[in-house]
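Single-letter residue listing:
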Amino acid sequence: MAGVALTRQSLSDVAAVDGGVPRFQVTSQAGQPGFGAAAGSLDRRTDAYAGPSRGRGARAGGGIGPLDGATRPGPDGATASWVVAENKRLGTTAWRIHRHKGGIAGFANRTYVRRGQRVTLYVTTAAAAFRAEAFRMGYYQGTGARLVWRSREIAGKVQSSCPVTARINMAACDNWKPSVTFTVSAAFVPGDYLIMLAGSGGRQSYVPLTVWDPASTATYVVQNDVLTWQAWNPWGGYDYYQGIGRCPARQYPLCSRARVVSFDRPYANEQGSGNFLKLEYPLVRFAEKHGLDVTYATDVTIAQHPRYLLRHRVLLSLGHDECWSLAGRTAAVAAHDRGMNIVFFGASPILRHVRLRSSPLGRGREEVDYRDALADPLNGKASPLQVTGNTWGSPPTNWPESYFVGEMYAGFLEPGRHVSMVVADASSWVYRGTGLHDGSAVPGVVAADVDHFYAAMIHPGNVQILAHSPIPAYMGQTEIGPFYSDMTYYTDARGGAGVLDVGTSGWIPALSHDRSGCGPSGRPAGPRCASSVIRRITGNILRVFGRGPAGHRHPSAANWRRVTGQ
């Protein structure tokens with residue numbers, strides 16, 4: 001990334017660029033105002049990373065600072081006493097929706113919020129009355145959440161239909177009337193929240209909300225991928241992949257898709273939680289159960305506050321993190337250049353190129369992705385880095401994800417299909433304590449979207465492939481023939497940062513849903529069970545990455561030629 005001209009493109013985009021060479025170069029913004037250029041150093045005696053001073057709000061010693069008195073190393077990562085204490089508090093299972101009956105839905109006027117700010121909920125329901133309850137999601141002695149706030153009883157109202165903007169097919173409910181407003185008090189500990197809307201007659205649904213701490217210097221930033229949640233949100237009939245109306249046969253992407261999607265509408269997926277419950281919550285629960293030194297932000301938070309990442313050691317990208325804005329990507333690159341490790345706990349990260357604009361309800365509440373540069377109004381009128389082609393690697397942006405991630409999106413398994421993760425380099429620190437060897441198969445881990453290493457892609461030269469899992473052609477869809485799910489790891493020679501991509505969006509679900517059949521009712525019964533193995537590997541990653549730039553202790557060893565034969 002930094003200082004490297006992009007001279008190769010993603011396989012699907014090479015033909016679109018003369019000679020396979022992009023029309024301009026892209027470098028990181030390290031050294032630019034607001035992004036310090038100096039690298040830190042590792043103190044091998046204390047496992048602390050002494051970075052350059054970040055100023056107000058940083059730990060003593062720098063932004064990616066030494067562990068303070070309330071933070072300790074643990075077997076699954078750096079722990080914080082406040083997270084341990086928080087999860088010993090009284091929890092409840094009342095947050096769970098056991099049978100989703102519908103009949104109530106809503107959204108908040110903010111995707112993320114800090115203490116002291118006010119949140120307005122917009123709710124539509126045929127119920128005579130409803131209430132809103134805010135649950136902080138975590139472990140809480142196994143119950144999964146803690147009730148933090150409850151509204152009074154509120155009269156139900158069926159809101160107006162949500163208009164659709166012609167040509168861009170954007171469904172937006174900014175014409176709804178406010179239902180209830182509350183202030184985020186000190187009781188709202190930073191974290192991921194689900195606000196349950198509970199109406200008479202058993203009507204229930206969720207509204208997600210992230211409470212962030214602008215002064216955080218925690219070890220780990222859990223990034224909630226709301227840009228991707230919204231991209232796949234069909235509320236009102238349209239998202240980036242489907243829409244109401246006919247299109248020519250075999251056309252992709254569909255002509256009926258949305259070009260702009262709005263946060264001013266409920267989520268249609270997972271009882272209104274977006275993609276939080278299936279693809280993010282198991283990792284949040286794992287982190288809180290082990291008392292890890294975590295803080296929470298959305299990808300919109302990071303795009304709107306790009307210096308935020310500079311005060312943290314590790315960015316955790318969860319589940320299905322495919323939609324990235326230019327501001328979010330450059331913020332991650334700048335922090336990576338300063339030594340921040342990154343884990344992509346999913347697949348297809350940084351695939352789709354989006355940008356934000358304001359809605360009638362606030363800044364950054366409309367998400368733009370034409371998926372066609374020629375149709376984007378900014379094409380030829382703004383920086384090519386702002387124009388939304390089909391992918392980040394498409395013209396005119398020509399900035400594929402593979403050099404930063406280490407690999408790229410390959411395709412997906414059909415719904416309900418799972419294959420084993422196959423170990424490719426058991427000598428790696430990632431597999432410590434698992435008892436696995438080269439060729440070991442961990443059942444049922446690989447599912448849904450997958451990433452694959454291609455030698456023809458632009459990529460770091462020192463990519464180490466940790467798992468290389470074959471996917472039979474009849475089980476998935478890809479444009480490359482037989483394909484694999486690869487877990488990759490590489491380290492940066494300058495700042496020492498490590499980047500690890502697990503290569504499948506089945507990873508986080510595997511933390512809690514064992515498919516190996518080795519325990520009663522799917523519960524892990526020993527170290528060979530899939531969930532036990534995935535938890536141990538996850539703990540190893542968080543422990544090593546939480547100590548500071550991973551390349552200072554565990555530089556990657558290129559093995560991609562041997563493993564893939566490319």
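First, a word on scope: everything that follows refers to the structure included in this document. (Residues numbered from 1 in each chain as written. Predicted model: local features only at pLDDT ≥ 70, side-chain atom pairs only at ≥ 80, totals over all residues. Heavy atoms only, no water.)

Here the focus is the overall build of the chain. Helix and strand counts for the chain come out as ten helices and 31 strands. Expressed as a percentage of its 566 residues, the buried residues of the chain come to 60%. Taking the intrachain contacts of the chain between residues at least 6 apart in sequence as the baseline, contacts between residues at least 24 apart amount to 72%. For the chain, the exposed surface amounts to about 21,100 Å²; the carbon and sulfur share of it is 52%. (Helix = DSSP H or I, 4+ residues; strand = E, 2+ residues; numbered from the N terminus. Buried < 20%, exposed > 50% of the residue type's maximum accessible area, 1.4 Å probe, protein only. Contact = heavy atoms within 4.5 Å. Areas by Shrake-Rupley, 256 points an atom, 1.4 Å probe, with all protein chains shown as cover.)

Attention now moves to the sheet that holds strand S17 (residues 260-262). Spatially, S17-S23-S22-S20 is the arrangement adopted by the four strands of the open sheet, whose pairing is mixed. The outermost strands of the open sheet, each flanked by one partner alone, are S17 and strand S20 (323-325). Across the sheet, the axes of successive neighbouring strands diverge by a mean angle of 45 degrees, strand direction being ignored. Contacts between helix H6 (residues 326-337) and the sheet are confined to S20 and strand S22 (352-359), with S20 contributing the most and set at about 80 degrees to the helix. (Pairing = 2+ DSSP bridges. Axes fitted to C-alpha atoms, helices over the stretch in contact; angles between N-to-C directions.)

Before going further, it helps to spend a moment on the packing of aromatic side chains. For the coordinates displayed, the defined rule picks out 18 aromatic pairs. A ring pair is formed by Trp95 and Tyr281, whose centres lie 5.6 Å apart and whose planes are at 65 degrees; its orientation type is edge-to-face. Here Tyr281 lies in helix H4 (residues 281-289) and Trp95 lies in the loop between helix H1 (81-86) and strand S5 (104-108), a separation of 186 residues in the sequence. Taken as a pair, Trp95 and Tyr281 share a single burial class, namely buried. Taking 6.4 Å as the distance between ring centres and 55 degrees as the angle between the ring planes, the aromatic pair formed by Trp324 and Phe344 counts as tilted. Taken together, the positions of Trp324 in strand S20 and Phe344 in strand S21 (residues 341-346) put the pair 20 residues apart, joining distant regions of the chain. Across the pair, Phe344 and Trp324 agree in class, each one buried. Of the aromatic side chains, those joined through ring pairs into one cluster are Trp95, Trp229, Tyr267, Phe276 and Tyr281. The lysine or arginine in question, Arg329, covers the ring of Trp392, its NZ or CZ lying 4.8 Å from the ring centre. The residue whose ring lies beneath Arg329 is Trp399, and the NZ or CZ to ring-centre distance is 3.8 Å. (Phe/Tyr/Trp six-rings, centres within 6.5 Å; stacked < 30°, edge-to-face > 60°. Lys NZ or Arg CZ within 6 Å of the ring centre and 35° of its normal.)

On to unusual backbone geometry, then. For the bond from Tyr252 to Pro253, the omega torsion is -5 degrees, close enough to zero to count as cis. Tracing the sequence through the fold places Pro253 in the loop between helix H2 (226-231) and S17. A cis amide bond, omega 0 degrees, links Pro395 with the succeeding residue Pro396. Tracing the sequence through the fold places Pro396 in the loop between strand S23 (362-368) and helix H7 (402-405). Here the phi dihedral of Tyr140 falls at roughly 50 degrees; this positive angle occurs in a residue that is not glycine. For Tyr140, the position within the fold is in the loop between strand S8 (129-137) and strand S9 (145-150). A relative accessible area of 0% places Tyr140 in the buried class. Phi at Gln141 takes a positive value of approximately 55 degrees, unusual for a residue other than glycine.

Let's shift gears to the nonpolar core. Ranked by size, the top nonpolar core spans 113 residues in total, and within it Leu316, Phe345, Met421, Leu500 and Phe545 carry the most contacts. Of all the elements, helix H9 (residues 530-545) adds the most residues to this core, at eight residues. Leaving out residues up to four positions away in the same chain, Leu316 has contacts with Tyr220, Val221, Val222, Gln223, Leu283, Val343, Phe345 and Leu542. Core analysis: the next-biggest nonpolar cluster, separate from the first, contains 23 residues, Ala132, Phe182, Phe188 and Val211 among them. (Core = buried A, V, L, I, M, F, W, Y, C linked by side-chain atoms within 4.5 Å.)

The element H4 is largely enclosed, with a buried count of seven among its nine residues. Along H4, the positions that sit buried rather than exposed are Tyr281, Pro282, Leu283, Val284, Phe286, Ala287 and Glu288.

Here we come to the pattern of salt bridges. Taken as a whole, this structure holds ten salt bridges when the rule is applied. Among the salt bridges present, the one from Arg146 reaches Glu86, with a minimum N-O distance of 2.9 Å. Within this pair, whereas Arg146 is found in strand S9, its partner Glu86 is found in helix H1, the two being separated by 60 residues in sequence. Its salt-bridge partner being Arg150, residue Glu133 comes within 2.7 Å of it at the nearest N-O pair. Separated by 17 residues along the polypeptide, Glu133 in strand S8 and Arg150 in strand S9 bring together distant segments of the chain. Using a relative accessible area of 4% as the deciding quantity, one classes Glu133 as buried. Residues joined by salt bridges that share partners form a network here, namely Glu86, Arg89 and Arg146. (Salt bridge = Lys/Arg side-chain N within 4 Å of Asp/Glu carboxyl O.)

Between two cysteines, a covalent bond joining their sulfur atoms is known as a disulfide. Inspection of the entire model under this criterion finds two disulfides. The partner cysteine of Cys162 in its disulfide is Cys173, sulfur to sulfur 1.9 Å. Measuring handedness by torsion sign, the sulfur bridge of Cys162 and Cys173 sits at about 100 degrees and is right-handed. Taken together, the residues Cys162 in the loop between strand S10 (154-155) and strand S11 (164-165) and Cys173 in the loop between strand S12 (170-171) and strand S13 (180-183) connect sequence positions eleven residues apart. Comparing Cys162 with Cys173 shows no difference in burial state: the two are buried. The partner cysteine of Cys247 in its disulfide is Cys255, sulfur to sulfur 2.1 Å. Because the sign of the S-S torsion sets the handedness, a value of about -105 degrees for the bond joining Cys247 and Cys255 places this disulfide among the left-handed ones. Residue class for Cys247 comes out partly exposed when judged on its relative accessible area of 23%. Note on Cys255: relative accessible area 29%, which makes it partly exposed. (Disulfide = S-S within 2.5 Å.)

The next subject is the sheet that holds strand S30 (residues 483-491). Strand order in the open sheet made by the seven strands is S18-S16-S19-S21-S31-S30-S28, with mixed pairing throughout. Taken across any chain shown, the strands that pair with only one partner, and hence form the sheet edges, are strand S18 (294-298) and strand S28 (464-471). Direction aside, neighbouring strands of the sheet carry axes that sit 15 degrees apart on average. By the bridge criterion, seven bridges tie S28 to S30 in an arrangement that is antiparallel. In the sheet register, Ile465 faces S30, and the bridge partner there is Thr488. Running over the sheet, H9 touches strand S16 (220-224), strand S19 (314-319), S21, S30 and strand S31 (498-501) and is turned about 165 degrees from S21.

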